[in-house]
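Results of the structural survey
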Amino acid sequence: MRSAGWGFKGTTATCDPLEQQASPLSENDTSTGCYAPRDRITVKRCTTLFRLDSSSKDRESAVGALRRSRVKSVRKGRKCSMTAVLFNARFKRTVRRGSTRTRLTSGSSVHVPTPGSVPLNSGQSERAMPHTYSDVSTLARNIQAGGDISAVVRAAVAAPTTQGQIVSGGGGDPSPTPRARGTMGLTREWYNLNTVGLPQKVINTIQSARASSTRSLYDCKWRVFEEWCLQEGHISFQCPVGVILSFLQDLIDKHRAFSTIKVYLAAIAACHVGFEGKTASQHPLVCRFMKGARRLLPVSRSLVPLWDLAVVLNGLKMTPFEPLEGADMKHLSLKTVLLLALASAKRVSDIHALSVHPSCTQFAPGQTRVLLKPNPAFTPKVVGSCTPIDIEAFPPQLVSSGEQQQDLLCPVCALHTYMDRSKELRLNDQLFVSWAKPHKGKPVTKQRLSHWIVEAIALAYTSQNLQAPLGLRAHSTRGLATSWALFKGVSIQDICAAASWSSPLTFVRFYRLDVSAPSVARAVLGTLLSRDSTC
């Protein structure tokens, strides 16, 4: 074991696979605030002392002394290139978004692979940060007292390397780097690809196969799996298939939906090293497990719409949405985005990408129709699925006085009015901008646009003294709009083209709703009543 790397021992450490040695540090020196190497290296006012012990003869010059400072950081006597430090101790781990902190306890063992085991970057200067390994805290959990330290050291040597942090004396606890420099999310996947020897640009192109939102979601799920492995004492990115199946079974026991379990498995498959050249999700046992999970967790979807389209459209004709010229910017924005979402059946991300630039928004003479194109820089969720939005204006209606009045639900009229009134405050070409300070005139985010749609639906209910349904979602407009289009006689091909669906199966399985809503009794009795009235 001594030939595999460096062995670091504290004065109180107990670790069977390693040989204990007395520390050559003393607390009897009269010097203050510093220490110097000599026959006996002395330190004053240090309660916990540590020393790195090497199997090589020149261990003193190669590594030097290591001690804990008063501010809980680890300091070295001189600069030395190290590849990784693995802590064999009980950890107090705090997980935050994008960072993990691990506290070193006294009496712990540290294993540092030999500096020559992993070559340094040839273009790295002397002041560059030393290379470190990822998932240090995860590896360390597997080498607690009584664990197989040699196996973990081999795994650490096989783990990918990158330029990481140095052990600082600024007062913070040593913690692994949350994200490698230049990564696009899913840091563990980046390490796996980097280990193969792929260039940074190639890795970025591979990771760009997933949308940024998908990478963020996978990264969040992977961190949950990392924490679970940490508690169970496993290495997350190299664990056997039984560990992955146990984690997925734990999700089933917690009554998670089958779709949620699929997302967790996809995240694990992206970051795990895999088995025999295949991803973790392609393992035969995992495939059989997911088939069984689908049977145990059947996907059920309600065919009843969550909210009534007729009620909402009636509310949009009333105060505070009408008249458009007198409505404030808030209610004008809410009405416009809801009408546009219903008329186009597009995703919120597609509506968010619309622009007021003349090349993207074109009104026909007399405002009889409008053609909306997304910003050319926009990348849709499904590449190539974002088609222009072509909306025809509603014809004017005759009122009781005999005059013609513009339809109050015409999306073309609402959009034209919104663009005219937002000119004064607009600071960007994005179609929808904020009306509220301090972001007045700035483009809104996709999340904010979703809130607008939900708020418009709820306000349409409350304006009629009705209780808004619970659980409203902006994405529900796609299913409701396309279901009503099918009920009114629009072909399934036109519906899929408008909603950017490649197959009608997507609409049938996930979006189709029963908007006709006649019960069996009403349909039968209504037919009998109509027959009696004709007799």
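We now turn to the structure provided with this report. (Residues numbered from 1 in each chain as written. Predicted model: local features only at pLDDT ≥ 70, side-chain atom pairs only at ≥ 80, totals over all residues. Heavy atoms only, no water.)

**A look at the nonpolar core**
Core analysis: the largest hydrophobic core is formed by 58 residues, its most contacted members being Trp-307, Leu-431 and Phe-432. At nine residues, helix 11 (residues 329-344) tops the list of elements feeding residues into this core. Contact partners of Trp-307, with chain neighbours within four places excluded, come to Val-312, Leu-342, Ile-457, Tyr-461, Pro-469, Leu-472, Ser-476, Thr-477 and Leu-480. In terms of nonpolar packing, the next biggest core, distinct from the first, is built from 32 residues, Val-243, Ala-270, Phe-275 and Ala-293 among them. (Core = buried A, V, L, I, M, F, W, Y, C linked by side-chain atoms within 4.5 Å. Buried < 20%, exposed > 50% of the residue type's maximum accessible area, 1.4 Å probe, protein only. Helix = DSSP H or I, 4+ residues; strand = E, 2+ residues; numbered from the N terminus. Contact = heavy atoms within 4.5 Å.)

**Details of the pattern of salt bridges**
Tallied over the entire structure, the rule returns eight salt bridges. A salt bridge links Lys-335 to Glu-322; its shortest N-O distance comes to 2.2 Å. Taken together, the positions of Lys-335 in helix 11 and Glu-322 in the loop between helix 10 (309-316) and helix 11 put the pair 13 residues apart, joining distant regions of the chain. Each member of the pair, Lys-335 as well as Glu-322, is classed as buried. (Salt bridge = Lys/Arg side-chain N within 4 Å of Asp/Glu carboxyl O.)

**Quick word on unusual backbone geometry**
With an omega of -5°, the peptide bond running from Glu-322 to Pro-323 counts as cis. With respect to the helices and strands, the residue Pro-323 is situated in the loop between helix 10 and helix 11. That bond from Lys-437 to Pro-438 is cis: its omega, 0°, falls within 30 degrees of zero. Secondary-structure assignment places Pro-438 in the loop between helix 13 (411-421) and helix 14 (446-462). Within the chain, Glu-276 stands out as a residue other than glycine whose phi angle is a positive 55°. Along the chain, Glu-276 turns up in the loop between helix 8 (258-271) and helix 9 (284-296). Despite not being glycine, Ala-345 shows a phi value in the positive range, around 60°.

**Observations concerning the side chain of Thr-482**
Counting through the fold element by element, Thr-482 comes out in helix 15 (residues 476-487). Engagement of the side chain of Thr-482 in a polar contact is seen with the backbone oxygen of Arg-478, the distance being 2.6 Å. Those residues in contact with Thr-482 that lie beyond four places of it in its chain are Ala-345, Ile-495, Ala-499, Trp-501 and Phe-507. (Polar contact = N/O pair within 3.5 Å; in protein donor to acceptor, adjacent residues only side chain to side chain.)

**Side note on the packing of helix 4 (residues 187-195) against helix 5 (residues 200-207)**
At a minimum axis separation of 10 Å, helix 4 and helix 5 run at an interaxial angle of 135°. Classed by the angle they form, the pair helix 4 and helix 5 counts as oblique. The element helix 4 and its partner helix 5 pack so that their crossing is right-handed. Packed against helix 4, whose contacting residues are Glu-189, Trp-190, Leu-193 and Asn-194, the element helix 5 presents Gln-200, Ile-203, Ile-206 and Gln-207 at the interface. Partitioned by chemical class, the residues of the contact of helix 4 with helix 5 number four nonpolar, three polar and one charged. (Axes fitted to C-alpha atoms, helices over the stretch in contact; angles between N-to-C directions. Parallel < 35°, antiparallel > 145°, perpendicular 65-115°, else oblique. Left-handed = near helix turned anticlockwise from the far one by under 90°. Nonpolar A, V, L, I, M, F, W, Y, C, P; charged D, E, K, R; others polar.)

**Considering the environment of His-283**
Here His-283 is to be found in the loop between helix 8 and helix 9. When near neighbours in sequence (up to four residues on either side) are disregarded, His-283 contacts Val-241 and Phe-275.

**Points about the packing of aromatic side chains**
Each aromatic ring pair is characterised by the separation of its centres together with the angle its planes make. Summed over all chains, the structure comprises twelve aromatic pairs. Centroid distance Phe-225 to Phe-247: 5.0 Å. Interplanar angle 75°. Geometry classified as edge-to-face. Linking Phe-225 in helix 6 (residues 212-232) with Phe-247 in helix 7 (residues 241-253), this pair joins segments that are 22 residues apart in sequence. Each member of the pair, Phe-225 as well as Phe-247, is classed as buried. One aromatic cluster is present, built from ring pairs that chain together Trp-222, Phe-225, Trp-228, Phe-247 and Tyr-264. Across the ring face of Phe-237, the terminal group of Arg-188 is positioned such that the distance to the ring centre comes to 3.7 Å. (Phe/Tyr/Trp six-rings, centres within 6.5 Å; stacked < 30°, edge-to-face > 60°. Lys NZ or Arg CZ within 6 Å of the ring centre and 35° of its normal.)

**Here's the deal with the sheet that holds strand 13 (residues 389-392)**
Sheet architecture is open: three strands sit in the order 11-12-13, paired in antiparallel fashion. Taken across any chain shown, the strands that pair with only one partner, and hence form the sheet edges, are strand 11 (361-363) and strand 13. Put simply, the sheet's adjacent strands are angled 10° from each other on average, direction ignored. When strand 12 (residues 369-372) meets strand 13, the two strands line up antiparallel, connected through four bridges. By the bridge assignment for strand 13, Arg-369 is matched with Glu-392. This element, helix 13, spans strand 11, strand 12 and strand 13 of the sheet and lies at about 115° to strand 11. (Pairing = 2+ DSSP bridges.)

**Some words on helix 4**
At 3.6 residues per turn, the α-helix brings residues three or four places apart onto the same side. With respect to burial, helix 4 is a largely interior element, seven of its nine residues being buried. Restricting attention to buried positions, one finds in helix 4 the residues Thr-187, Arg-188, Glu-189, Trp-190, Tyr-191, Asn-192 and Leu-193.

**Looking at the pairing of strand 12**
Alternating positions in strand 12 separate cleanly, Val-370 and Leu-372 being buried on one face and Arg-369 and Leu-371 remaining unburied on the opposite face. Alignment of strand 11 against strand 12, held across three bridges, turns out to be antiparallel. Bridging from a neighbouring strand, Phe-363 pairs with Val-370 of strand 12. Hairpin connection from strand 11 to strand 12: five residues lie between these consecutive antiparallel strands, with Gly-366 at a positive phi of about 75°.

**Side note on the side chain of Ser-422**
Within the secondary structure, Ser-422 is located in the loop between helix 13 and helix 14. Of the polar contacts made by the side chain of Ser-422, one reaches the side chain of Arg-426; its length is 2.8 Å.

**Observations concerning the environment of Trp-228**
As for its position among the elements, Trp-228 is in helix 6. Taking the relative accessible area as the measure of exposure, Trp-228 reaches 15% and is therefore buried. Between the C-alpha atom of Trp-228 and that of Val-243, which follows or precedes it by 15 residues, the distance is 9.9 Å. Apart from the residues within four sequence positions on either side, Trp-228 is in contact with Val-243, Ser-246, Phe-247 and Asp-250.

**What to know about the environment of Pro-388**
Inspection of the secondary structure puts Pro-388 in the loop between strand 12 and strand 13. With 14 residues separating them along the chain, Pro-388 and Pro-374 place their C-alpha atoms 7.1 Å apart. With residues up to four places along the chain from it excluded, the contact list for Pro-388 reads Leu-371, Leu-372 and Lys-373.

Spatial relationships are all this shows, so hold off on functional conclusions.
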